[in-house]
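Notes for the structure review
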Amino acid sequence: MSYVDEVLDLVKKQNASEPEFIQAATEVLDSLRPVIDANEEVYRKDALLERLVNPERQFKFRVPWVDDKGQVQVNTGYRVQFNSAIGPYKGGLRFHPSVNLGIIKFLGFEQIFKNSLTSLPIGGGKGGSDFDPKGKSDREVMAFCQSFMTELCKYIGADTDVPAGDIGVGGREIGYMFGQYKRIRGLYEGVLTGKGLTYGGSLARTEATGYGLLYITEELFKCHDNTLEGKTAVVSGAGNVAIYAIQKAHQLGAKVVTCSDSTGWIYDPEGIDVELLKEIKEVKRARLTEYAAARPSAEYHDKATEGTNQWIIPCDVALPCATQNELNLEDAKTLVANGCIAVCEGANMPSTIEATEYFQANGVWFIGGKASNAGGVATSALEMSQNSERLSWSFEEVDAKLKDIMVNIYHNIDDAAKRYGMEGNYVAGANIAGFEKVAEAMQAQGIC
Ligand code: NDP
Ligand code: 2IT
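Okay, so let's go over this structure. Not measured: the values here are computed from a predicted model.

Looking only at helices and strands, one finds 19 helices and twelve strands in the protein. In terms of C-alpha radius of gyration, the protein reaches 21 Å, essentially the compact-globule figure of 22 Å for 448 residues. Dimensions of the protein, computed from the C-alpha atoms along their principal axes, are close to 65 × 55 × 45 Å. Split into buried and exposed, the 448 residues of the protein put 57% on the buried side. Within the protein, contacts between residues at least 6 apart in sequence are counted, and of these 72% link residues at least 24 apart. Accessible area for the protein stands at about 17,400 Å²; split by element, carbon and sulfur atoms hold 50% of it. Side chains of the protein give 45 positive and 60 negative charges; the mean places of these two sets differ by 6 Å.

Here we come to a nonpolar patch on the surface. Among the surface-exposed residues, Val66, Val72 and Val74 lie close enough to one another that they form a single nonpolar patch of about 240 Å² accessible area. For valine 66, the location among the structural elements is in strand β1 (residues 57-66).

Moving on, we get to unusual backbone geometry. Although it is not a glycine, serine 119 adopts a positive phi angle of roughly 75°. Mapped onto the elements of the fold, serine 119 is located in the loop between α6 (101-117) and β4 (123-129). We note that arginine 390 has phi near 55°; this positive angle belongs to a residue other than glycine. As for its placement among the helices and strands, arginine 390 is situated in the loop between α17 (374-389) and α18 (395-419).

Turning our eyes to something else, we now look at the site of ligand 2. The full set close to ligand 2 counts 14 residues, and Lys90, Gln111, Lys114, Asp166 and Ser380 are the nearest of them. Within the side chain of lysine 114, an N or O atom sits 2.7 Å from an oxygen atom of ligand 2. Note that a nitrogen atom of ligand 2 is positioned 3.0 Å from one of the backbone N or O atoms of glycine 165. Protein contact buries 94% of the 290 Å² of open area that ligand 2 shows by itself. Mapped by element, the contributors of at least two residues to the shell around ligand 2 are β3 (89-95), α6 and α17. Partitioned by chemical class, the residues of the shell around ligand 2 number two nonpolar, seven polar and five charged.

Turning next to the sheet that holds strand β2 (residues 72-83). In space, the five strands of this open sheet follow the order β1-β2-β4-β3-β5, with mixed pairing throughout. Strands at the two margins of the open sheet, each flanked by one partner only, are β1 and β5 (161-164). On average, each strand axis in the sheet is tilted by 20° relative to the strand beside it, whichever way the strands run. In the sheet, β3 pairs with β4 via five bridges, with the strands oriented parallel. Its bridge partner lying in β4, leucine 93 is registered against glycine 127.

Rules of the game
Residues numbered from 1 in each chain as written. Chains lettered and ligands numbered in written order. Predicted model: local features only at pLDDT ≥ 70, side-chain atom pairs only at ≥ 80, totals over all residues. Heavy atoms only, no water. Helix = DSSP H or I, 4+ residues; strand = E, 2+ residues; numbered from the N terminus. Rg over C-alpha atoms; globule rule 2.2 N^0.38 Å. Buried < 20%, exposed > 50% of the residue type's maximum accessible area, 1.4 Å probe, protein only. Contact = heavy atoms within 4.5 Å. Areas by Shrake-Rupley, 256 points an atom, 1.4 Å probe, with all protein chains shown as cover. Lys, Arg positive; Asp, Glu negative; His and termini not counted. Charge placed at Lys NZ, Arg CZ, Asp CG, Glu CD. Patch = residues over 30% accessible without salt bridge, like charges linked within 9 Å, V, L, I, M, F, W, Y side chains within 5 Å. Salt bridge = Lys/Arg side-chain N within 4 Å of Asp/Glu carboxyl O. Near = heavy atom within 4 Å. Polar contact = N/O pair within 3.5 Å; in protein donor to acceptor, adjacent residues only side chain to side chain. Nonpolar A, V, L, I, M, F, W, Y, C, P; charged D, E, K, R; others polar. Pairing = 2+ DSSP bridges. Axes fitted to C-alpha atoms, helices over the stretch in contact; angles between N-to-C directions.

Given below as structure tokens:
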């Protein structure tokens, strides 16, 4: 049996109750076959892959907090410190009722390769909680964040592990957690990224994931002698990544006609009104029904009653920006049948493995999240640099660096795929390019 198959068997056996982690590990290891096969003896002897699929450390802890009725609530918190070969652990915190250890492990595993692709010195980690910020008062969110950080602060630090946001964690939550870290540890340091601009945050971090997604998509089109100008795009999600993806897509001349949240989706043939969407989601924290109510050109579709999603709308480009496995084989078939030529993932693992394979088999240009959503964490690393030198850079400077990083990622993953005879397979290219640096650093640091 090949070394890759041996380790995949082990992953499935040891993590049987973690389907998302198995999915992420399978996608990566499968596409690394040519690289591993070429070095099989050395890697097997050093158990390189067994070390790669096992987190260096993981924490699971109780998070008690008091709700507005005086009732004590108890949630579970997690932080997985997956791999520190190339830098301090770096990766977001997700607050969503679906969070469990398997979800955090899948996200932490993806983060290793994504962070490597940014070319910046950051290792892979992820954390979060099954806490649901939806419908909670600001005071309840603060109480939760303070309790969460009271435990988490023991394991993190500006040079050891630097969390940030993810689903359900934005500027408000980062602020409450930063305040609590400072109180307990007595340190004013860059322990979190995505901070507010008045206390060490970086300009352009809020926009970075969505903007970065469009910068790499733009480069993809350019390198195929094509352009985003005049193209129709379908976006899922209506959170941080989706909002700024839509904004940059419009700046680049495309028209985004959809967005979604967990209950419904909007079709707006005149193009999504980003300012209205921002007001509804960032300020009011309301549902998309309000978007349709305020915008005569928009239709609202309820997912539960209609059983549909935004992927049925014909488009040239699809940008999934909500959550894992939100785009399945059926959706992929619909998109291809409707003429979609490119799919670039803003979310982490939004396409199932079957959907990804279908896109690739049908000539769709497909860039997986590890590469295409790396702009967020890359800009987090730029925030860390600014904190270290106690300076802040202008929006233009950060944005220019972000664009450079995304263009470089495109060429690195394209080159890696070509080196192994898989031209156009950006999934394999990303996994290979991400892996090469981490593997070399792990080998250089001995057995640890
Ligand atoms: P937000 O919490 O800001 O927004 C998430 C959006 O996705 C919301 O519209 C939400 O709808 C929807 N969504 C979340 N969970 C589900 C679900 N189970 N089913 C359907 N819709 C869902 O998160 P972000 O925009 O920050 O994150 C979106 C994706 O991008 C995630 O996969 C995240 O891991 C990834 N990502 C984020 C980065 C960042 O910098 N923020 C960086 C790189 C990747 P609702 O409000 O109804 O729940
Ligand atoms: O998935 C991701 O890359 C993020 N949620 C951002 C992580 C970060 O540290 O900025």
